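Residues per chain, in single letters:
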Amino acid sequence: MADWLTSNLGQNVNGVARAVSLGNEVVLAEFDISFLDFIILINCYEGPEKTATGIARMTDYDPGRISRTVEQLVQRGLIQRRRFRSDRRVVQLSLTEEGQILVPTVLSRVLEGNALLLQSVTDEERAAYATVSRKIIANCAAMQSE
């Protein structure tokens, strides 16, 4: 018979993901931003210019849904599109000036919300969670390369 964690891994991971998503949605509602809006905005904020396809791959969201959300963010003036010079088929996404002002404020509030979600979790429990999460992700990568 499998141990409790093995038997309930998916349910527990989904429960944590749902709790984080719902917690973030409460915070994001203050800015009229959905969780998917935030994912796209934070991706544009954190690194070199992104593409909708790249964000879809990284997040496992449907590319069509990402594209529709990108269009809404463009219409709201938070991100902009630019064709890649060497390959006109590739459209790069970046934050507009308004997006560059908004995202740090939203990120700060999301981090405050995350702190509330973790308020009763000890440092040792946080470290254990991080270790277990990294191992599960590494094991998944190994399974996919076999």
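Numbers given to residues run from 1 along each chain, matching the order in which its sequence is written. In view of the model being predicted, local features appear only for residues whose pLDDT reaches at least 70, and side-chain atom pairs are presented and counted only at 80 or more, with totals across whole chains, interfaces and linings using the full set of residues. Only hydrogens and water are removed before side-chain values are computed, so all heavy atoms of the structure are retained for them.

**A word on the overall build of the protein**
Piece 1. Across its full length, the protein holds 6 helices and 2 strands.
Piece 2. The helix and strand labels rest on DSSP assignments: H or I over at least four residues marks a helix, E over at least two residues marks a strand, and numbering proceeds from the N terminus. Starting at the N terminus and walking to the C terminus, you meet the elements of the protein as α-α-α-α-β-β-α-α.
Piece 3. Across its three principal directions, the C-alpha atoms of the protein cover 55 × 40 × 20 Å.
Piece 4. For every residue, the accessible area (1.4 Å probe, protein chains only) is compared with the maximum for its type, and the residue is labelled buried under 20%, exposed over 50%, or partly exposed between those bounds. Within the protein, the proportion of its 146 residues that are buried is 24%.

**Some remarks on the packing of helix α1 (residues 4-29) against helix α5 (residues 97-117)**
Piece 1. In this analysis an axis means a line fitted to C-alpha atoms, helices contributing only their contacting stretch, and an angle means the value between N-to-C directions, from 0 to 180 degrees. For the pair α1 and α5, the least separation of the axes is 9 Å and the interaxial angle reads 135 degrees. When the interaxial angle is binned, α1 and α5 end up oblique. In the crossing of α1 with α5, the sense of the turn from one axis to the other is right-handed. The residues of α5 that touch α1, namely those facing A19, V20, N24, V27 and L28, are V106, R109, V110, G113, N114 and L117.
Piece 2. When the residues that make up the contact of α1 with α5 are grouped by side-chain class, the tally is 7 nonpolar, 3 polar and 1 charged. Orientation labels follow simple angle bins: below 35 degrees gives roughly parallel, above 145 gives roughly antiparallel, 65 to 115 gives roughly perpendicular, and whatever is left gives oblique. Left-handed describes a crossing in which the near helix is turned anticlockwise from the far one by less than a right angle; the clockwise case is right-handed. Here a residue-residue contact requires only that any non-hydrogen atoms of the pair lie within 4.5 Å. Under the scheme applied here, ten amino acids are nonpolar (Ala, Val, Leu, Ile, Met, Phe, Trp, Tyr, Cys and Pro), four are charged (Asp, Glu, Lys and Arg), and all others, including Gly, are polar.

**Section: the packing of helix α2 (residues 35-46) against α5**
Piece 1. α5 packs onto α2 with a crossing angle of 115 degrees between their chain directions and a minimal axis gap of 11 Å. Note that α2 runs across α5; the crossing there is left-handed. Across the interface between the two elements, F38, L41, I42 and Y45 from α2 touch V103, P104, V106, L107 and V110 from α5.
Piece 2. Tallied by class, the residues present in the contact of α2 with α5 amount to 9 nonpolar, no polar and no charged.

**Comments concerning the pattern of salt bridges**
Piece 1. For this analysis, a salt bridge means a side-chain nitrogen from Lys or Arg found within 4 Å of a carboxyl oxygen belonging to Asp or Glu. All told, the structure shown has 4 salt bridges when counted by the stated rule.
Piece 2. Residue R109 pairs with E30 through a salt bridge whose shortest N-O separation is 2.4 Å. You can see R109 sitting in helix α5 and its partner E30 sitting in the loop between α1 and α2, a full 79 residues away along the chain.
Piece 3. Since its relative accessible area comes to 49%, E30 is described here as partly exposed.

**Here we look at α2**
Residues spaced three or four apart along an α-helix point in a common direction, a consequence of the helix completing one turn every 3.6 residues.
Piece 1. When the terminal C-alpha atoms of α2 are compared, their 16 Å separation across 12 residues agrees well with the 16 Å that a helix rising 1.5 Å per residue should span.
Piece 2. Among all positions in α2, only L36, D37, F38, I39, I40, L41, I42, N43 and C44 are buried.
Piece 3. Turning to α2, the residues buried within the fold contact α1, α3 (52-59), α4 (63-75), β1 (79-83), β2 (91-95) and α5. Helix span is expected to be 1.5 Å times the residue number reduced by one.

**Some thoughts on the environment of N114**
Piece 1. Within the secondary structure, N114 is located in helix α5.
Piece 2. Sequence-distant contacts of N114, that is, excluding residues within four places in its chain, are made with V20 and N24.

**Topic: the pairing of β2**
Piece 1. Burial analysis of β2 places 4 of its 5 residues in the buried class, which makes it a mostly covered element.
Piece 2. At least two DSSP bridges between two strands are required for those strands to pair. Across 5 bridges, β1 lies against β2 in antiparallel orientation. Of the residues in β2, the one forming a bridge with R81 is L93.

**With respect to the environment of Y129**
Piece 1. Within the element layout of this structure, Y129 appears in helix α6 (residues 123-145).
Piece 2. Using a relative accessible area of 52% as the deciding quantity, one classes Y129 as exposed.
Piece 3. Sequence separation of Y129 and L107 is 22 residues, and the distance between their C-alpha atoms is 22 Å.

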